[in-house]
Amino acid sequence: MIASDLFDRVTETVAEFLGADLSRQTVFLTTNTTSALDLASYAMSDREGVVLTTVLEHHSNDLPHRRRGETAMVGMTEDGALDMEDLKAKLDAQPVKLVAVTAASNVTGWMPPIHEIARLAHAKGAKILVDGAQILAHHHVNLRPVDDPGHIDFFAAAGHKAYAPFGSAFLVAPQGFMDGLEPYLPGGGTVLAVTEDEVVWTHGADRHLGGTPNIPGAIAMAKALDFLRDVGLDAIRHHEIELTRIALNELRAMDGVEVYGPADPDARLGVVSFNIDGVHHDLAAAILNNEAAIATRNGCFCAHPYLHRLLRMGDVTELVATLKSGKDAELPGAVRVSIGIFNTPEEVEYLLRWVRRIRDRQWAGHYDLDKRDYCKPVFFEFQGVRGQSGSSGKETSRV
Ligand SMILES: Cc1ncc(COP(=O)(O)O)c(C=O)c1O
C-alpha cells in the first residue's frame, strides 16, 4: 500500500514539475522516452495529415512517425539551428497533423523555440509533440495552460536523463483525446470490466499501458524531480551555462578542434560535440575515458541526419549502400561532453587540457588502430599507474 501510494503520486509530481493540469491532461508512465514518443505517435496515427519532424531529432522522435505514415523533415540553418523559415513553409505547403520537435538537441544542446512553434502549429490545426529527454534536468519547462495557443500538447521525457535510475519515463498528453482512443497496449490494468465477449476500457493513466509498471523506477524518477526542484532549475541553469560558456568558447577557439552547432551558449544546454583534427572520434573518446577518466559519448548520438549535416557529409548514398550490403564501413561521428550540476570549473579546465593533449598527440596508451574497437587499449597509463587490458596480440600503433 505504501508503494502504491507513492506510485500514484508520481503523476502529480511530474505534472507539478511541468505545470501540467491533471484535470485536462494525463501523465502516462512508460519505460523510456522512446516508448512515450511512440505512444504519442500512435495517438495521432488515425488523423489525416503529415507529421512534421525536424533534422535535429533523436531517432526516437522521427522513426515512430515514419512507420505510421507520411512525414516531412524541417531542415537546419548553416550553423545547426532549426530553420524556422523552412518550418513555416512546410506548415503552409501541406496539411500537417503533428509537429514533432525536440526541446533541446542531444547533439548540440540547441533549444528550438517550442512555444512559438506550438503557436504556428496550432494556427494550422496541428498538435505539437515535444521531446523533452535532453532538457528535463537542465532547464525550466512550463507546458502552459491548454487554452494558451503556445501550449504543448504532448511532452515526453525520461528519469534516466535526470539522475534517476534507468527504465522510467512519461508522456503528458491531452486527457479527453487519449480517453477516446483504443488502448495502445491492452492488458492487465487497462480495463474496468471484461466478460467473455466484452471489454470496458478504463480511462486516464491506466488506459493505454497494460502490464506491471516499473514501480520503484517511477518512484525514483519522482524523487529525482523533487531533488531538481529543490535545487532549483534556475540555479541549475545558471551553474551549467557558466561552465558551458567556458567549454564552448574555449573549444571553439582551439586550433585543430571543430565544435558543432550554434555559437551562442545562451541558446544551448550544456552539450558540446566536437572533433579533433585527424583523431577518430572513437579514439578521442577512448583516450578521454581511459587516460583522463572523462566520460564522454561519441558516434552519431542516435541523430544520424543531423550529424550528416553538421559534419557536412553531403551525399551519404555510398555509406548507406555499403552498410545495406552487410559490409563494414567507417562510421562518422563526434565526441560529446555533457555538463551537469555536479561539474566544476576545474573539471572544465581539465577537459580542455586533455583535448589539447590529444590534439598534440600526447597520450600515453597504445591503441590498436586496425581494429575498430579503440576503446580497449592494449595498455595505458593513468596518473602514473600502468594498466593493461586484454592484448589482441596484434601489432599496435601509436599515432
Ligand atoms: C533528445 C533525446 N530524445 C530521445 C531519447 C531517447 O530516450 P530513451 O533512451 O529514454 O528512449 C534521447 C536519449 O538519450 C534523447 O537524448
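Since the structure is predicted, the reported quantities are computational estimates derived from the model, not experimental observations.

Calculation rules
- Residues numbered from 1 in each chain as written.
- Predicted model: local features only at pLDDT ≥ 70, side-chain atom pairs only at ≥ 80, totals over all residues.
- Helix = DSSP H or I, 4+ residues; strand = E, 2+ residues; numbered from the N terminus.
- Rg over C-alpha atoms; globule rule 2.2 N^0.38 Å.
- Buried ≥ 20, exposed ≤ 12 C-beta atoms within 10 Å, placed from the backbone.
- Contact = placed C-beta atoms within 7 Å.
- Pairing = 2+ DSSP bridges.
- Domains from an automatic or database assignment.
- Nonpolar A, V, L, I, M, F, W, Y, C, P; charged D, E, K, R; others polar.
- Core = buried A, V, L, I, M, F, W, Y, C linked by C-beta atoms within 7 Å.
- Axes fitted to C-alpha atoms, helices over the stretch in contact; angles between N-to-C directions.
- pLDDT = per-residue confidence, 0-100.
- Near = placed C-beta within 6 Å.
- Parallel < 35°, antiparallel > 145°, perpendicular 65-115°, else oblique.
- Left-handed = near helix turned anticlockwise from the far one by under 90°.

1. Thoughts on the overall build of the protein
Turning to step 1, where the next piece is worked out: Summing up its helical and strand segments, the protein has 13 helices and 15 strands in all.
Turning to step 2, where the next piece is worked out: Against the 2.2 N^0.38 benchmark of 21 Å for 399 residues, the protein shows a C-alpha radius of gyration of 23 Å, consistent with a compact globule.
Turning to step 3, where the next piece is worked out: Buried positions account for 44% of the 399 residues belonging to the protein.
Turning to step 4, where the next piece is worked out: The long-range fraction of contacts in the protein, counting pairs at least 24 apart against all pairs at least 6 apart in sequence, stands at 69%.

2. Examining the pairing of strand β7 (residues 169–174)
Turning to step 1, where the next piece is worked out: Most of β7 sits inside the fold, with 5 of its 6 residues counted as buried.
Turning to step 2, where the next piece is worked out: The pairing of strand β1 (residues 25–30) with β7 spans 6 bridges and is antiparallel. Along β7, the bridge assignment pairs Phe 28 with Leu 171.
Turning to step 3, where the next piece is worked out: Bridge analysis of strand β6 (residues 154–158) against β7 gives 4 bridges, and the strand direction is antiparallel. Across the sheet, Ala 156 pairs through a bridge with Leu 171, a residue of β7.

3. Side note on the domain arrangement of the protein
Turning to step 1, where the next piece is worked out: Its domain assignment divides the protein into domain 1 (2–231) and domain 2 (233–388).
Turning to step 2, where the next piece is worked out: Domain 1 and domain 2 are separated by 29 Å when their C-alpha centres are compared.
Turning to step 3, where the next piece is worked out: At the junction of the two partners, domain 1 supplies 24 residues and domain 2 supplies 25 residues.
Turning to step 4, where the next piece is worked out: Residue classes in the side of domain 1 that touches domain 2 are distributed as 11 nonpolar, 11 polar and 2 charged.

4. So, the nonpolar core
Turning to step 1, where the next piece is worked out: Within the largest apolar cluster, 109 residues are counted, with the highest numbers of intra-cluster contacts made by Phe 28, Ala 40, Val 99, Phe 170, Leu 171 and Val 172.
Turning to step 2, where the next piece is worked out: Both domain 1 (2–231) and domain 2 (233–388) contribute no fewer than three residues apiece to this core.
Turning to step 3, where the next piece is worked out: Aside from chain neighbours lying at most four places away, what touches Phe 28 is Ala 36, Leu 39, Phe 170, Leu 171, Ala 173, Ala 205, His 208 and Leu 209.

5. Description of the sheet that holds strand β5 (residues 127–131)
Turning to step 1, where the next piece is worked out: Strand order across the open sheet formed by 7 strands is β1-β7-β6-β5-β4-β2-β3, with mixed pairing between neighbours. Every other strand in the sheet has two partners, leaving β1 and β3 (71–74) as the edge strands with one partner each. Within the sheet, the average angular offset between the axes of one strand and its neighbour, ignoring direction, is 20°.

6. What to know about the confidence of the model for the protein
Turning to step 1, where the next piece is worked out: When the pLDDT values of the protein are averaged, the result is 93; 92% of them are 70 or greater.
Turning to step 2, where the next piece is worked out: Contacts for the low-pLDDT stretch residues 389–399, under 50 throughout, to residues beyond four places or in other chains number 18 contacts.

7. A closer look at unusual backbone geometry
Turning to step 1, where the next piece is worked out: Non-glycine residue Arg 144 carries a positive phi angle of around 70°.
Turning to step 2, where the next piece is worked out: If you trace the backbone, Arg 144 turns up in the loop between β5 and β6.

8. Topic: the site of the ligand
Turning to step 1, where the next piece is worked out: Around the ligand, a shell composed of 14 residues is seen, among which Asn 32, Thr 33, Thr 34, His 58 and Asn 106 lie nearest.
Turning to step 2, where the next piece is worked out: A per-class count over the shell around the ligand returns 3 nonpolar, 9 polar and 2 charged.

9. So, helix α12 (residues 317–324)
Turning to step 1, where the next piece is worked out: With respect to burial, α12 is a largely exposed element, only 0 of its 8 residues being buried.
Turning to step 2, where the next piece is worked out: Gly 326 lies just past α12 and shows a positive phi near 90°.

10. Thoughts on the packing of helix α9 (residues 233–253) against helix α13 (residues 345–359)
Turning to step 1, where the next piece is worked out: The N-to-C vectors of α9 and α13 enclose an angle of 15°; their axes lie 9 Å apart at closest approach. Overall, the two elements α9 and α13 adopt an arrangement that is roughly parallel. Where α9 crosses over α13, the handedness of that crossing is right-handed. Across the interface between the two elements, Leu 243, Ile 246, Ala 247, Glu 250 and Leu 251 of α9 pack against Pro 345, Val 348, Leu 351, Leu 352 and Val 355 of α13.
Turning to step 2, where the next piece is worked out: By residue class, the composition of the contact of α9 with α13 is 9 nonpolar, no polar and 1 charged.

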